[in-house]
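# A closer look at the structure
Residue-level listing of the chains:
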Amino acid sequence: MKKIITCFSLLALAACSSSPTKETSSEAKTSTVSEAPRAEVDDFKDLEKVEPVRPVTPPAPSQYASLNEAIKAQNDEKIYQASTQILTQSPNDARALNALAMYHYKRSRFDLCRYLLGKAIAASPKTAELYSNMGIVQLAQGERRDAIKSFRKALDMNNDEAVAAANLGAIYVQEKDYNKANVVLETAYRKGVRDPRVLNNYAISLTAQGKLDRAEELYKASLKDNANSKEVLLNYAILLVDHMKKYQDGLEVINRLKFVGGPADSRNRIIALENKAKAGLK
């Protein structure tokens, strides 16, 4: 099988809301602590006065409604306002911490984003999308191996976590591990992710596995929403000419690609595809 050009994008799909999952008592781990030596009264003379823990007022339902509406509208400023308002009353609210973290992620404040996600994970350690978002931040900071671990952890907790599946699939495609890519990208697709980059990556993995008709369907679907995607057009042309021998269809796609301009350093590849398609029609 001829080489597939993997023109793809590592995604930054982010889930902006979370639903904390309570741990049951059976899941809590117990530990034993050895008895410490008894302290003398003087040992405590330099300690500062301990402030009593004040009760936390739970956020009002209307505040969650405001946050959900802001997320649905993708209104960053309202997301910021709603999440910070919740956190003034409930500093460890995982949903608000997650939303605020992704607000700062969009502004490349990655260290602050990681801090907030860390607090959210501590408060709700079984929420898959928190690990998924942590993986996105790790990718942004060049920590690829750690990002893979975070995405895998998210999928271990919830094998239908679409954002983690889509991002992990993009990494596997880049590494040409198409079998693994196919598994997780199928999950993302089945859960309704239709981002053109996801469809492109999924089609690449299907092509590598010889599932050509299915790959063609995905390229068509991707171009329906993003007709001028250079990467999708190039990979679709490769599928049609090199793999399916549909030379006329391939030439039509190549002409569209030449009109919008191909991806960087793809000129020679496009010329070779065009020559092969023309020769195949003779």
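Below is a summary of the structure that appears in this document. Each chain carries its own residue numbering, running from 1 in the written order of its sequence. Only residues with pLDDT of at least 70 get local features here, since the model is predicted, and only at 80 or more are side-chain atom pairs given and counted; chain-wide, interface and lining totals rely on the full set of residues. Think of the side-chain values as coming from all heavy atoms in the structure, minus any hydrogens and water.

We now examine the overall build of the protein chain. Looking only at helices and strands, one finds 13 helices and 0 strands in the protein chain. By the criteria applied, helices consist of DSSP H or I runs no shorter than four residues and strands consist of E runs no shorter than two, each listed in order from the N terminus. Element order for the protein chain, N to C, with α for helix and β for strand: α-α-α-α-α-α-α-α-α-α-α-α-α. Two residues form a contact once any of their heavy atoms are found within 4.5 Å. When contacts within the protein chain are restricted to residue pairs at least 6 apart in sequence, long-range pairs at least 24 apart make up 60% of them. Summed over its atoms, the accessible surface of the protein chain is roughly 16000 Å², and 49% of this surface lies on carbon and sulfur atoms. Accessible surface is estimated by sampling points in the Shrake-Rupley manner with a 1.4 Å probe; for residues, cover comes only from the protein chains shown.

Moving on: the packing of aromatic side chains. Aromatic pairs are defined between Phe, Tyr and Trp rings, using the six-membered ring for Trp, whenever the two ring centres lie within 6.5 Å; interplanar angles under 30 degrees are classed as stacked, those over 60 as edge-to-face, and all others as tilted. All chains considered together, the criterion is met by 4 aromatic pairs. Seen from their ring centres, Tyr105 and Phe110 are 5.7 Å apart, and the 50 degrees between their planes marks the pair as tilted. Pair check on accessibility: Tyr105 and Phe110 agree, each one buried. Pairing Tyr189 with Tyr202 gives two aromatic rings, centres 5.9 Å apart and planes at 50 degrees, and the pair type is tilted. Of this pair, Tyr189 sits in helix H8 (residues 178-190) while Tyr202 sits in helix H9 (residues 196-208), placing them 13 residues apart in sequence. Taking relative accessible area as the criterion, Tyr189 reaches 18% and is therefore assigned buried. Any residue under 20% of the maximum accessible area for its type is buried, any over 50% is exposed, and the rest in between are partly exposed; the area is computed with a 1.4 Å probe on protein chains only. Judged by its relative accessible area of 4%, Tyr202 falls in the buried class.

Take helix H1 (residues 61-73) next. With 13 residues, H1 extends 18 Å from end C-alpha to end C-alpha; this agrees with the ideal 18 Å at 1.5 Å per step. Within the sequence span of H1, burial applies to Gln63, Tyr64, Leu67, Ala70 and Ile71. Relative to the axis of H1, the buried residues are bounded by an arc of 125 degrees and lie together on one face. The outward face of H1, more than 90 degrees from its buried face, is lined by the exposed residues Pro61, Glu69, Lys72 and Ala73. Buried-residue contacts for H1 involve helix H2 (76-89) and helix H3 (94-105). Just downstream of H1 lies Gln74, where phi reads positive at about 55 degrees. An expected span of 1.5 Å times one less than the residue number is assigned to each helix. This arc describes the spread of directions from the helix axis toward the C-beta atoms.

In this section: unusual backbone geometry. A positive phi is found at Ser108, a non-glycine position, where the angle reads about 60 degrees. Relative to the helices and strands, Ser108 resides in the loop between H3 and helix H4 (110-123). A positive phi is found at Lys245, a non-glycine position, where the angle reads about 60 degrees. Within the element layout of this structure, Lys245 appears in the loop between helix H11 (230-243) and helix H12 (247-260).

Shape is all these values report; function is a separate question.
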